[in-house]
Amino acid sequence: MTDPDAYIALITSLPSPERLFRAKQPPISRLRLDRRLAVLEPEHRTLLTEIEAVMAWGSYGMGDDGQVARTRAKALMARLDNDTLCAIVSQRIDLRATLAALRMRRDGLGPPADGWTQSRLSRHIIANWSEPTFRLDTRMPWVRDALELLQKRDPLALERFILDVTYRQLRRHGARHCFDFEAVVIYVLKWSIFDRWARSDARAAAARFEAMTQQALGDFAGLELKGAM
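First, a word on scope: everything that follows refers to the structure included in this document.

### With respect to the packing of aromatic side chains
- Evaluated as defined, the whole model comprises two aromatic pairs.
- With centroids separated by 5.5 Å and ring planes inclined at 35°, the aromatic side chains of Trp129 and Phe134 adopt a geometry described as tilted. Taken individually, Trp129 and Phe134 each receive the classification buried, so the pair is uniform in this respect.
- Pairing Tyr167 with Phe194 gives two aromatic rings, centres 5.5 Å apart and planes at 55°, and the pair type is tilted. Linking Tyr167 in helix H9 (residues 155-174) with Phe194 in helix H10 (residues 181-199), this pair joins segments that are 27 residues apart in sequence.
- Classification of Tyr167 by relative accessible area gives buried; the value is 7%.
- On the basis of relative accessible area, Phe194 is assigned to the buried category, the value being 4%.
- A cation over an aromatic ring shows up here: Arg30 above the ring of Trp191, its NZ or CZ 5.6 Å from the ring centre.

### A word on the pattern of salt bridges
- Considering all chains together, one arrives at eleven salt bridges under this definition.
- Here Asp94 and Arg120 are joined by a salt bridge, their closest N and O atoms 2.3 Å apart. Here Asp94, found in helix H6 (residues 83-106), pairs with Arg120, found in the loop between H6 and helix H7 (122-127); they are 26 residues apart in sequence, far enough to count as distant.
- Several salt bridges converge on common partners, so that one network encompasses Arg30, Asp34, Arg45 and Glu52.

### Quick word on helix H1 (residues 4-13)
- Residues of H1 that are buried: Tyr7, Leu10 and Ile11. For H1, the arc enclosing every buried residue in end-on projection is 95°, short of the 170-degree limit, so these residues lie on one face. Away from its buried face by more than 90 degrees, H1 exposes Asp5 and Thr12.
- Summarising the contacts, the buried residues of H1 are in contact with helix H3 (30-36), helix H4 (42-55) and H10.

### Examining the layout of surface pockets
- Looking at the second largest pocket, its volume works out to about 270 Å³.
- If you trace the second largest pocket, you find 16 residues lining it, with Pro17, His177, Ala183, Tyr187 and Lys190 closest to the centre.
- Of all the elements in the fold, those that place two or more residues in the lining of the second largest pocket are helix H2 (17-22), H9 and H10.
- Counting residues per element, the lining of the second largest pocket draws most heavily on H10, which supplies four residues.

### Quick look at H4
- Across its 14 residues, H4 extends 20 Å between first and last C-alpha, which sits within 8% of the 20 Å expected from 1.5 Å per residue.
- Of the residues making up H4, those classed as buried are His44, Leu47, Leu48, Ile51, Glu52, Val54 and Met55. For H4, the buried positions fall inside an angular range of 160° around the axis, keeping them on one side.

### Digging into the packing of H4 against H6
- At a closest axis distance of 10 Å, the pairing of H4 and H6 adopts a crossing angle of 20°. When the axes of H4 and H6 are compared, the pair comes out roughly parallel. Crossing handedness for the pair H4 and H6: left-handed. The residues of H6 that touch H4, namely those facing Leu47, Ile51, Val54 and Met55, are Leu85, Ile88, Val89, Arg92 and Arg96.
- Counted by class, the contact of H4 with H6 contains seven nonpolar, no polar and two charged residues.

The rules behind these values
Residues numbered from 1 in each chain as written. Predicted model: local features only at pLDDT ≥ 70, side-chain atom pairs only at ≥ 80, totals over all residues. Heavy atoms only, no water. Phe/Tyr/Trp six-rings, centres within 6.5 Å; stacked < 30°, edge-to-face > 60°. Buried < 20%, exposed > 50% of the residue type's maximum accessible area, 1.4 Å probe, protein only. Helix = DSSP H or I, 4+ residues; strand = E, 2+ residues; numbered from the N terminus. Lys NZ or Arg CZ within 6 Å of the ring centre and 35° of its normal. Salt bridge = Lys/Arg side-chain N within 4 Å of Asp/Glu carboxyl O. Arc of directions from axis to C-beta. Contact = heavy atoms within 4.5 Å. 1 Å grid on protein atoms, 1.4 Å probe; cavity = no way out; pocket = protein on both sides within 12 Å on 5 of 7 lines; lining within 4 Å. Points joined across faces, edges and corners; volume = space filled by probe spheres on them. Expected span 1.5 Å × (residues − 1). Axes fitted to C-alpha atoms, helices over the stretch in contact; angles between N-to-C directions. Parallel < 35°, antiparallel > 145°, perpendicular 65-115°, else oblique. Left-handed = near helix turned anticlockwise from the far one by under 90°. Nonpolar A, V, L, I, M, F, W, Y, C, P; charged D, E, K, R; others polar.

These figures capture arrangement, not role.
Shown next, in the form of structure tokens:
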């Protein structure tokens, strides 16, 4: 049984998200954050670890392919029975798939085979491959701006733009949660965004985007992506 007082104490002990975003580096280290998270119920701690493993851009090894990402995402979604957490994870998977598809098409590739991603948008993207934004403007208003940054080959600007998009998505979900497990997950994911922002640079951003695209393609592409972003 979850102790609500413990979760209230945990949330109130953490620096506010606004303070995180103003800081040049996160005002609480990951080590200190993990120590605070020790109060989570064991099943919540395990679930948080699984969510981070799916959602963090740097969570896959250099040798991992798209099958690893798809397997993790599928297993996590099968476990989640929480509407908010399902929405958060699904949005991140959709975002990654859309960015990877934009990159593939920019580099002259045709649409990938069905099943190339765990995203709900897989078939929609394939069916609308020739459309500049895959007809996702209404569902994802940020896609057109991301496309422009991708075409300008500015990886740092694109990464920071996407970090801002994901932050705003989390903030909308967080408005409905204050002192529950969902609030804890949202806080940790925000912390990861601010940590990434503080450590971002152009070369690292390009490498991360390349790795993300390769993971999305996996063994479905049959083609090599060449050239930096």
